[in-house]
Protein chains: 2
Amino acid sequence: MALQVKKFGGSSVATPEKIKRIAERVLAQKAPDDRIVIVVSAMGDSTDEMMSLARQCTHRVYGRELDMLLTTGEQTTIALLAMTLMELGHPAISLTGPQAGIQTDRAYGKGRILAIQPDRVFEALDAGNIVVVAGFQGLADNGDLITLGRGGSDTTAVALAGALQADVCEIFTDVEGVYSADPRVVPNAFKMQEITYGEMLEMARLGAGVMQPRAVEMGSRYHVPIHVRSTFADVGGTMIQEAYTVEDQGNRICGVAHDTNVTKVAVLGVDNRPGTAHMIFDCLAKSGIDVDMIVQSIRESDDSRTDIVFTISETDLPQAQEALAAFTGEEALPTILFTSHVAKISVVGAGMLGTPGVAARMFGALGAAGINIQIISTSEISISCLIDEADVEKAVACIHDTFL
Amino acid sequence: MALQVKKFGGSSVATPEKIKRIAERVLAQKAPDDRIVIVVSAMGDSTDEMMSLARQCTHRVYGRELDMLLTTGEQTTIALLAMTLMELGHPAISLTGPQAGIQTDRAYGKGRILAIQPDRVFEALDAGNIVVVAGFQGLADNGDLITLGRGGSDTTAVALAGALQADVCEIFTDVEGVYSADPRVVPNAFKMQEITYGEMLEMARLGAGVMQPRAVEMGSRYHVPIHVRSTFADVGGTMIQEAYTVEDQGNRICGVAHDTNVTKVAVLGVDNRPGTAHMIFDCLAKSGIDVDMIVQSIRESDDSRTDIVFTISETDLPQAQEALAAFTGEEALPTILFTSHVAKISVVGAGMLGTPGVAARMFGALGAAGINIQIISTSEISISCLIDEADVEKAVACIHDTFL
């Protein structure tokens, strides 16, 4: 007997036929004593359709009303899936995020789960039901409906698994698990049997799209083993958990991540005095722009001036240009250059802490392949290089060959 | 300064363009001090589309899950209308039925409003908003979403107007008001300026489709004046209220109603002893079938046998046949005949209580037109005749000519 939380994304529940396939699969794999909670997203393109309706009413973003609109998407899926499970002969009940006790802050469109009171989920499980919960949504303390930020349904599933002290949270997806590199780029990339929360978080942060960082964080905080696996193929996927169960696995690089949604910003000839960097990054933070790799270099020829180079998401480029335009022509920040078409490539592995020379091997491999490194940054369990976007496939392949 | 509740049905809010037209109209008519609550239904065909999705999942009716699904319809409309009002420059906020404090029983698909706690509506009005409330839905004491029965959005609007002690509840519809007869049948039928709750209730019960009886009842109970008027034309409609404001209006027949959704059931040769009628009607009641006109006649030739004739909705015919099949061949109820293609025609008016001879004039008019009367039934403010469905247009016209 196990308590399992299973999450299916929008493409897995895009039509009544697909919903039926999911229901059949869940029932086929269920042991008589298993207690099952299913978390689902909105059906296929329905969120896009709702956004299009909203845009026909206004081009402004009214967060509260948009959340009121979008939360209907998951509510539709849960009703249909619960009906389908009953049609197939198993008691089932659907619960909206609020009904499942998911409490959030009031940040419309990017809510964070503050707490979960899963009494009604337990009641429904005790009554013998499969419980179908709407992902991506919760209730604020003022009674408003709130949608969670990116990867919201993953976060719902993992947080709910934590609150229910579930044995496992299964994230069903269109790939078979977490790979050592993007299999579309590196044909001999392999599926990992297991990976730690820390490594997965770093992989996700550095561009591996399979899981959203927030959901992995949630798993780490509540000690929920997360099983990332295929919606379609009935094979094991990748377990994300506290530590490796196979010992020697921990002692190496686990994967290569890359991210092409990157823009390099170079602020050249900056006054080298206290407060200048703060001025730049405070201005970006106030516009809600995350800054990633940061390098400051002192010019040998003129130590009163310095260059500050950093990266941002390419999607944030228009806002960054607008925010930094305030400084144009200012004495303190004479030149600001934006460079798209760059990419970040990273190696990740808790093992690198005890393994000297990882950086050297990475730079060597890139150098041998004739790839120029623009910026380097490191964390405890990763090393990242900024390179030209045109080189990214070659870079991922040669680094994967070097380490894996 | 007035507190107004305005209700718009599904066809008035079928597209973003129509929603915009509604919003513009509401804003154009709003005095600066007016406090406005708008109740809306699901957009156009969206309920049908959801029913079709549900039918692709199951052919059974799972009431709780169906309500979970269908309540998304109004939730979509309120979000879009609130956005549109804001886009047009007026503060607005949407509230689901539960958020508006609408408490119902647990009767999925046919909920009844038990109470309304409109604190949040008042709060939102006090903050200067137009408040957009989802019709047709409420919250049961167990936290489940419930849809109201037929005419649900009208009921929401009138009940909310009662709870808010609104000055008026305006029901916007595709006709200009309540007519003395169906204008499609009687070209010289006229729009009534006013009508009492009692008369409107009787008109609605007897087939006038413009308002659902439950909503009229609600208006009567909470003393809410209901203004039935056109969504499209900016002219006054019909006021439904306690009593006539123009005195002599009360002293006459107010309208002619007809209903072709009728089937006649004749149970012939019934044992004339206590309990037989109860057996029949108890069996129908247990199948949820409403019985309307009932006539029992004793045969002159054989007073141990009697005939019982009554009418039901034609839509209930299959269930009635199934329910009464249990008695087939039983000694006590030898013959049961079902006759479709009948219609009920009625005159309604509180005035008939003080006006003798209304029945005689009605039967005379039908007789002169060569129309046979199959059953007659009367209430305090109406007289109804069951006739052949083929005669219904002629009958409505000649009775309208006689009385109005």
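Residues numbered from 1 in each chain as written. Chains lettered and ligands numbered in written order. Predicted model: local features only at pLDDT ≥ 70, side-chain atom pairs only at ≥ 80, totals over all residues.

> Where do I start with the relation of the copies chain A and chain B in this structure?
One chain copy maps onto the other through a rotation about an axis and a shift parallel to that axis. In the superposition of chain A on chain B (RMSD 0.1 Å, axial shift 0.0 Å), the rotation amounts to 179°. A rotation of that kind, with that shift, is consistent with a two-fold axis. It is Thr72(A) whose C-alpha, among those of chain A, lies nearest the rotation axis, at 2.5 Å. A share of 100% of interface residues in chain A that are also interface residues in chain B marks the association as one of identical surfaces. (Least-squares fit on C-alpha atoms with pLDDT ≥ 70 in both. Contact = placed C-beta atoms within 7 Å.)

> What's the story with the nonpolar core in this structure? I'm lost.
Taken as a class, soluble globular proteins show a tendency for nonpolar side chains to be buried jointly. Ranked by internal contacts, the top residues of the largest apolar core, which has 224 residues, are Leu81(A), Leu160(A), Leu81(B) and Leu160(B). Dropping the residues within four chain positions of it, Leu81(A) is found in contact with Val13(A), Ile19(A), Ala23(A), Ile38(A), Val40(A) and Val132(A). (Core = buried A, V, L, I, M, F, W, Y, C linked by C-beta atoms within 7 Å. Buried ≥ 20, exposed ≤ 12 C-beta atoms within 10 Å, placed from the backbone.)

> What is the right way to look at the domain arrangement of chain A in this model?
Much of the literature gives interface size as the accessible area that the parts lose upon coming together. Parsing chain A into structural domains produces domain 1 (3-173) and domain 2 (257-403). Of note, the centres of domain 1 of chain A and domain 2 of chain A, computed from C-alpha atoms alone, are 38 Å apart. (Domains from an automatic or database assignment.)

> I'm lost on the interface of chain A and chain B in this one. Help?
In this assembly, 27 residues from chain A lie in contact with 27 residues from chain B. Listed by contribution, the elements that provide at least two residues to the side of chain A that touches chain B are helix 1 (16-29), helix 2 (46-57) and helix 3 (63-87) of chain A. When residues of the side of chain A that touches chain B are assigned to their parent elements, the largest contribution, 14 residues, is made by helix 3 of chain A. Counted by class, the side of chain A that touches chain B contains 14 nonpolar, nine polar and four charged residues. (Helix = DSSP H or I, 4+ residues; strand = E, 2+ residues; numbered from the N terminus. Nonpolar A, V, L, I, M, F, W, Y, C, P; charged D, E, K, R; others polar.)

> Is there a simple way to explain the environment of Gln99(B) in this structure?
One can find Gln99(B) in the loop between strand 3 (92-95) and strand 4 (102-104). Of the residues examined, Gln99(B) has 22 C-beta atoms within 10 Å and is grouped as buried. Sequence separation between Gln99(B) and Asp271(B) is 172 residues; the distance between their C-alpha atoms is 56 Å. Contact partners of Gln99(B), with chain neighbours within four places excluded, come to Gly143(A) and Arg120(B).

> It is not clear to me how the pairing of strand 15 (residues 305-313) of chain A should be interpreted in this structure. Could you clarify?
The side chains of a regular strand alternate, first on one face of the sheet and then on the other. Residue and element names in this part refer to chain A. Of the pairings in the sheet, the one linking strand 13 (residues 255-271) to strand 15 comprises eight bridges and is antiparallel in character. Paired with Lys264 across the strands is Thr311, a residue of strand 15. Strand direction decides the pairing type here: strand 14 (residues 291-298) and strand 15, joined by six bridges, are antiparallel. Within strand 15, the residue paired with Gln296 across the bridge is Ile308. Between the antiparallel neighbours strand 14 and strand 15 lie six residues. (Pairing = 2+ DSSP bridges.)

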